[in-house]
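The chain contents come next:
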Amino acid sequence: QKEVEQDPGPLSVPEGAIVSLNCTYSNSAFQYFMWYRQYSRKGPELLMYTYSSGNKEDGRFTAQVDKSSKYISLFIRDSQPSDSATYLCAMRFKAAGNKLTFGGGTRVLVKP
Amino acid sequence: NAGVTQTPKFRVLKTGQSMTLLCAQDMNHEYMYWYRQDPGMGLRLIHYSVGEGTTAKGEVPDGYNVSRLKKQNFLLGLESAAPSQTSVYFCASTEPGTSGFRTDTQYFGPGTRLTVL
């Protein structure tokens, strides 16, 4: 079993819809949680960062962390075709090296 | 700033051949990483470095070697390529620290697509 599980999709939604993405993890020692966005044939770029449980909002993006359930979510409101990408969750321990463990990524398609 | 650059962008090797992938960053970051990305597997850490002259193994280090002779460069070597090493390789860098947005922002290069026949 992978340490971080993520539905590969693809997830297809009409423009303007809410996109809901999630990851589950098995190691309760993870403390820092991130979402990266990766466009086709590009490197990933950090989208959202949260520490421990709770919500964080940035524009149309909301990240949620539920440590008791070992579950993190990303919501994209008013989705746009430019949001079409692969979204990777990532997390790490409070340890030297800042090593990240990634989920497999979910491919999202927003249709005009 | 160019950020993180990777050379080459594409490469085709035959089984048993060797090659070196070069990663360069101009952000003066201490930490650098090499990942491979395979369909459905996300990014898996191969090796990483927390400073010039230091390297450490990641999740999937077998068949790869690395060197960090200069702070801005991180080299990934394949001594005897195998078809299982066909993948997209990404380099990343970040600043050291215990927590915070800046220390968890790993800046990625554009990737190297490697095919081993």
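For the structure, check the block above.
Described below are features of the structure shown in this document. Nothing here was measured: the structure is a model prediction, and the numbers come from that model.

The rules behind the values
- Residues numbered from 1 in each chain as written.
- Chains lettered and ligands numbered in written order.
- Predicted model: local features only at pLDDT ≥ 70, side-chain atom pairs only at ≥ 80, totals over all residues.
- Heavy atoms only, no water.
- Helix = DSSP H or I, 4+ residues; strand = E, 2+ residues; numbered from the N terminus.
- Buried < 20%, exposed > 50% of the residue type's maximum accessible area, 1.4 Å probe, protein only.
- Contact = heavy atoms within 4.5 Å.
- Buried area = accessible area lost by both parts, 1.4 Å probe.
- Salt bridge = Lys/Arg side-chain N within 4 Å of Asp/Glu carboxyl O.
- Polar contact = N/O pair within 3.5 Å; in protein donor to acceptor, adjacent residues only side chain to side chain.
- Core = buried A, V, L, I, M, F, W, Y, C linked by side-chain atoms within 4.5 Å.

## Details of the environment of B:Gly58
Residue and element names in this part refer to chain B.
- Of note, Gly58 is situated in the loop between β6 (56-57) and β7 (65-67).
- What makes Gly58 partly exposed here is its relative accessible area of 23%.
- Leave out the neighbours within four places in its chain, and Gly58 touches Leu45, Ile46 and His47.

## Considerations on the interface of chain B and chain A
- With 28 residues of chain B in contact, the opposing surface of chain A contributes 20 residues.
- For the chain B and chain A pair, buried surface summed over both sides reaches about 2000 Å², with 52% attributable to carbon and sulfur atoms.
- Along the contact surface separating chain B from chain A lie zero salt bridges.
- Applying the counting criterion to the chain B and chain A interface returns three residue pairs in polar contact (both at pLDDT 80 or more).

## A few points about the nonpolar core
- Membership of the largest hydrophobic core comes to 23 residues, with the highest contact counts inside it found for A:Trp35, A:Ile72, A:Leu74 and A:Tyr87.
- Discounting residues that sit within four places of it in the chain, A:Leu74 has contacts with A:Val19, A:Ser20, A:Leu21, A:Trp35, A:Leu47, A:Met48, A:Phe61, A:Thr62, A:Ala63 and A:Tyr87.
- Grouped together as the second largest cluster of nonpolar side chains are 19 residues, A:Tyr36, B:Tyr35, B:Val88 and B:Ala92 included.

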